[in-house]
Amino acid sequence: MMNIVRPNLSVEVANQTTCFMAIELSKTSWVVGMLTPLSNKISLRSIPCGAVEKLMAIVDQTTNRVMQATGGPVQVVSCYEAGYDGFWLHRFLAAHRIINHVLDAASLLVNRKARRAKTDRLDAEKLVRVLMAYWRGEPKVCSIVRPPSVEDEDAKRLHRERQFLMKERVQHIGRIKGLLAAQGVYDFRPERKDWRNRLAEIRTGDGRPLPSRLKAEIDRQCQRLALVDTMLKEIDQQRDAAVESKSAPSETVVRIQRLTHLKGIGPQIATVLGTEIFYREFANRRSLGSYLGLTPSPFKSGGMDRDLGISKAGNPRGRTTMIELAWLWLRYQPGSKLARWFEQRTNGLKGRVRRIAIVAVARKLAIALWRYVETGLIPADAELKA
């Protein structure tokens, strides 16, 4: 679940007349819903996708009309759902002195009828009403996404591209081995540098050379794999250079460098944690656990009382990385307090018990690392690299 961002109103803003605007985004057109104190009806207008000039024309026209009627200053509060369009529109609106909120679409309540009407115009009206409820102090009506800065957003690009390339690499290797397995060949390794010479020497299980078209297809697949490996090498070099940088490093680099000082945390995991999790400000440990989706989901109604497991909301990259790090922590930090706690709880058991307990380790470790990054407090009995 996203963290709630409460509106922080200054005295000047609080004394202004407020107009509420919601933008329903799509790839073809935007529906702009506007509600002013001059009417109880939400006005809806459709503009082409990305037409920010027409959007600002609507805002200016509305504010001028309200100013003439009220004789005082006017403040526009807007919102749209987080999704395909990212945060560029939020930055554009903020630059034009519009208070904008990016809403988590999954947090909005919907009609639970079997068939419900859904159009962009109805969604725009609903967003306006949700924004009004949030603005008057209803904190649970929706969840607000915290847009990252341009620098924080750009810092995530490196490891996210690496994750995509790793998936592509696995796909290429699986495709090559699958094509060869159909011919009775099981020992070919396409990731080796001499793959071209080995491909020329391959014989099928019944002693024939590879068919020409199949050989050409495997050759092209190997070339793609080699290109992916080259890109991965470039990304790893850029990542390591940023981690080892000593000339006026940014706050993100400082966080990553601090994490790499702990035994068991390498540059890749430190980069993911530093750019996906610890660049944010958390109010408390519950807020951190909620952002990672590692908090429990109780289901209690009447005589039924059971737990549905972790929520799996929030940041999936941060959650999977923390669980991966939890297993590594047990291996490289066996003397730490957290590793000893895990061994005491599992008591030599294997299987499902350990998989459940490792989630608790990941949650506790995330909190300990958060304190370490923010205050320098080393996790209990953890070892630093020599």
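What counts, and where the lines are drawn
- Residues numbered from 1 in each chain as written.
- Predicted model: local features only at pLDDT ≥ 70, side-chain atom pairs only at ≥ 80, totals over all residues.
- Heavy atoms only, no water.
- Helix = DSSP H or I, 4+ residues; strand = E, 2+ residues; numbered from the N terminus.
- Contact = heavy atoms within 4.5 Å.
- Buried < 20%, exposed > 50% of the residue type's maximum accessible area, 1.4 Å probe, protein only.
- Pairing = 2+ DSSP bridges.
- Right-handed = clockwise from strand over helix to strand, strands pointing away.
- Expected span 1.5 Å × (residues − 1).
- Arc of directions from axis to C-beta.
- Core = buried A, V, L, I, M, F, W, Y, C linked by side-chain atoms within 4.5 Å.
- Axes fitted to C-alpha atoms, helices over the stretch in contact; angles between N-to-C directions.
- Parallel < 35°, antiparallel > 145°, perpendicular 65-115°, else oblique.
- Left-handed = near helix turned anticlockwise from the far one by under 90°.
- Phe/Tyr/Trp six-rings, centres within 6.5 Å; stacked < 30°, edge-to-face > 60°.
- Lys NZ or Arg CZ within 6 Å of the ring centre and 35° of its normal.

(A) Representation of the side chain of aspartate 219 within the structure. Structurally, aspartate 219 is set in helix α8 (residues 212–243). Beyond its immediate sequence surroundings of up to four residues, aspartate 219 is in contact with Trp195, Arg196 and Leu199.

(B) The arrangement of the pairing of strand β4 (residues 74–81) in detail. For β4, a buried count of 7 out of 8 residues is recorded, marking the element as mostly surrounded by other parts of the structure. Of the strand pairs in this sheet, β4 and strand β5 (residues 99–103) are connected by 5 bridges, and their pairing is parallel. Each residue of the ladder has a partner; that of cysteine 79, found in β5, is histidine 101. Handedness of the crossover joining β4 and β5 through helix α3 (residues 88–95) is recorded here as right-handed.

(C) Structural detail: helix α2 (residues 52–70). Across its 19 residues, α2 extends 27 Å between first and last C-alpha, which sits within 8% of the 27 Å expected from 1.5 Å per residue. Here α2 has its buried residues at Val52, Leu55, Met56, Ile58, Val59, Thr62, Thr63 and Val66. Considered in projection along α2, the buried side chains sweep an arc of 155° and stay on one side of the axis. Residues of α2 that are exposed and angled more than 90 degrees away from the buried face: Glu53 and Gln68. Turning to α2, the residues buried within the fold contact β1 (17–24), β2 (29–35), β3 (43–48), β4 and α3.

(D) Structural context of unusual backbone geometry. For arginine 97, which is not glycine, the phi dihedral falls at a positive 60°. Inspection of the secondary structure puts arginine 97 in the loop between α3 and β5. In this model, asparagine 347 sits at a positive phi of 55°, which is unusual for a non-glycine residue.

(E) Broad picture of the nonpolar core. Core analysis: the biggest nonpolar cluster contains 37 residues, and Leu259, Leu273, Met322 and Leu369 have the highest contact counts within it. No other element matches the 12 residues that helix α14 (residues 352–375) contributes to this core. If sequence neighbours within four positions are ignored, leucine 273 has contacts with Leu259, Phe278, Thr321, Met322, Leu325 and Leu369. Residues Met21, Ile47, Ile58 and Tyr80 belong to the second largest nonpolar core, which totals 23 residues.

(F) Layout of the packing of helix α9 (residues 251–260) against helix α10 (residues 267–276). Running from amino to carboxyl end, α9 crosses α10 at an angle of 135°, the nearest separation of the two axes being 8 Å. Taken together, α9 and α10 sit at an angle that is classed as oblique. For the pair α9 and α10, the crossing hand works out as right-handed. Only Pro267, Ala270, Thr271, Leu273, Gly274 and Thr275 of α10 make contact with α9, whose side of the interface consists of Thr252, Arg255, Ile256, Leu259 and Thr260.

(G) View of the packing of aromatic side chains. Scanning the model with the defined rule gives 4 aromatic pairs in all. Residues tryptophan 327 and phenylalanine 342 carry aromatic rings whose centres are separated by 6.4 Å and whose planes lie at 80° to one another, so their mutual orientation is edge-to-face. With tryptophan 327 in helix α12 (residues 316–332) and phenylalanine 342 in helix α13 (residues 337–346), the pair connects residues that are 15 residues apart, well separated along the chain. Owing to a relative accessible area of 0%, phenylalanine 342 belongs among the buried residues under this scheme. Ring-pair connections join several aromatic residues into one group, and the members of that group are Phe282, Tyr291 and Trp370. Over the ring of tyrosine 291 we find arginine 280; its NZ or CZ atom is 4.2 Å from the centre of that ring. The aromatic ring of tryptophan 341 is capped on one face by lysine 364, whose charged end is 5.0 Å from the ring centroid.

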